[in-house]
Amino acid sequence: MTNSDAHPLVARLDALVSQAASAVAAAVDLDSLHAVEIELTGKRSVLVEAKKQLGGFDPDERREVGQRVNVVRSAVAELVESRRAELAAMERRRQLDADRLDLTEREPVRAGHLHLVTQARDHLEDVFVGMGFTVAEGPEVETDFYNFEALNLPASHPARGMWDTFYVELGEPGTVLLRTHTSPVQIRVMEATEPPIYSIMPGRVYRRDTADATHTPVFHQIEGLVIDKGISFADLAGTLDAFTRAYFGRQVQSRLRPSYFPFTEPSAEYDISCVFCGGAGCRSCGGTGWLELGGCGMVHPNVFAAVGYDPEVWTGFAFGFGIDRMTAQRSGVDDLRDLFTNDVRFLEQF
Ligand code: FA5
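Definitions and cut-offs
- Residues numbered from 1 in each chain as written.
- Predicted model: local features only at pLDDT ≥ 70, side-chain atom pairs only at ≥ 80, totals over all residues.
- Heavy atoms only, no water.
- Helix = DSSP H or I, 4+ residues; strand = E, 2+ residues; numbered from the N terminus.
- Rg over C-alpha atoms; globule rule 2.2 N^0.38 Å.
- Contact = heavy atoms within 4.5 Å.
- Areas by Shrake-Rupley, 256 points an atom, 1.4 Å probe, with all protein chains shown as cover.
- Core = buried A, V, L, I, M, F, W, Y, C linked by side-chain atoms within 4.5 Å.
- Buried < 20%, exposed > 50% of the residue type's maximum accessible area, 1.4 Å probe, protein only.
- Near = heavy atom within 4 Å.
- Polar contact = N/O pair within 3.5 Å; in protein donor to acceptor, adjacent residues only side chain to side chain.
- Nonpolar A, V, L, I, M, F, W, Y, C, P; charged D, E, K, R; others polar.

Peer 1: Explanation requested: the overall build of the protein chain in the structure shown.
Peer 2: When its secondary structure is counted, the protein chain shows 11 helices and 9 strands. On C-alpha atoms alone, the protein chain measures out to a radius of gyration of 44 Å, which is more than a quarter above the 20 Å that the 2.2 N^0.38 rule sets for 350 residues. In the protein chain, 67% of the contacts between residues at least 6 apart in sequence involve partners at least 24 apart. Carbon and sulfur atoms provide 52% of the accessible area of the protein chain, an area that totals close to 19200 Å².

Below you can see the structure in the form of structure tokens.
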């Protein structure tokens, strides 16, 4: 036979391509495609059968039918491969859909917020940093030297009674304590730095005070220290006045009243006009029109001596305010204990 197109095998091979196309398209998953593939190219397939018969054909016939077998085999392979890629992609999509977590079904996350006192501390830091101060910190467990001695409070100084102290059982009795104020950080900053110094030192302090509306045994202070050449009491008053306006608002006034602290001379109490009544007098300010925030004064020469600064060259001022009372006053909280009983319903308000 010379006309290979007339060969029944060629007709079967040609028909195979269109049969393969519909069988492959009908495969709905990888397993059924594999079965179709075996049917089309496996041992019992038309293709393999045709190949087996080639040996019995004359050379021309063998070449023509052989070429047709190759063409049909690659056409079938191409059909199967492209369907396999399609089905694999569908399979992957199905898998991803099945594995997907529906996050909308979860409880919405309830974010908390910073405690009122922490917010106040951050805000105070921002205000002072904006005025050119740097922030320093010191340890809460202190030695007698830093908490008292270096602050011009030698042992048996009567003013030690101003601070009812928790002692820690460590070393010689009475030498290690929970700091009663942030003033020891002044000493640490002066020891570690050469003047000029413009620093604030916020932190937690401890006193054996019975808790009441205006006292807690653990509370927070913010210390300020300025050391430079030619610093005067007017600089202290001006700094506190600028701070008052920046933190409480322009309508609030500040004043200084004579007082006593062993580590400052002269010393003063720093008051602001009552934020509730504007100075007219109300329950919150005890009818005086003023609220007391803390102590301040010019750094005592004995403090300079303790850290080795020359008081003939350097002068400076220091201040120390109670953050908790300041915060309570600013937020209208009339009992400090409410800040620390950790009732979320109360704290959530701020
Ligand atoms: C001092 O602690 C001085 N170190 C302040 C100072 C620093 C003066 C630098 C001069 C120079 P005082 O003991 O007055 O001072 O405390 C300062 C403030 O801490 C008080 O005005 C008050 O606001 C707050 N405070 C004191 N005791 C308590 C307490 N138990 N609970 C809450 N706040 C308190």
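Peer 1: Would you mind showing me how to read the nonpolar core here?
Peer 2: As a rule of thumb, nonpolar side chains are buried together in soluble globular proteins. Formed by 37 residues in total, the largest nonpolar core has its most connected members in Phe243, Tyr247, Tyr270, Phe321 and Met326. Sorting the residues of this core by element identifies α5 (116-130), β5 (218-228), α8 (233-248), β7 (264-273), β8 (290-299), β9 (315-322), α10 (323-331) and α11 (344-347) as the ones contributing at least two each. A per-element tally of this core places α5 first, with 6 residues. When near neighbours in sequence (up to four residues on either side) are disregarded, Met326 contacts Leu124, Phe243, Tyr247, Phe248, Leu293 and Phe321. Among the nonpolar cores identified, the runner-up in size contains 26 residues, and Val185, Phe263, Val303 and Trp314 belong to it.

Peer 1: How should the site of the ligand be read in this particular structure?
Peer 2: As a matter of local geometry, the ligand sits amid 26 residues, with His181, Ser183, Arg207, Asp209 and Thr216 nearest to it. In the model, a nitrogen atom of the ligand is placed 3.0 Å from a nitrogen or oxygen of the Thr216 main chain. Taken by itself the ligand offers 680 Å² of open surface, and the protein chains cover 95% of this. Those elements that place two or more of their residues in the shell around the ligand are α7 (183-192), β5, β8 and β9. Here the residues of the shell around the ligand are counted per class, giving 9 nonpolar, 12 polar and 5 charged.

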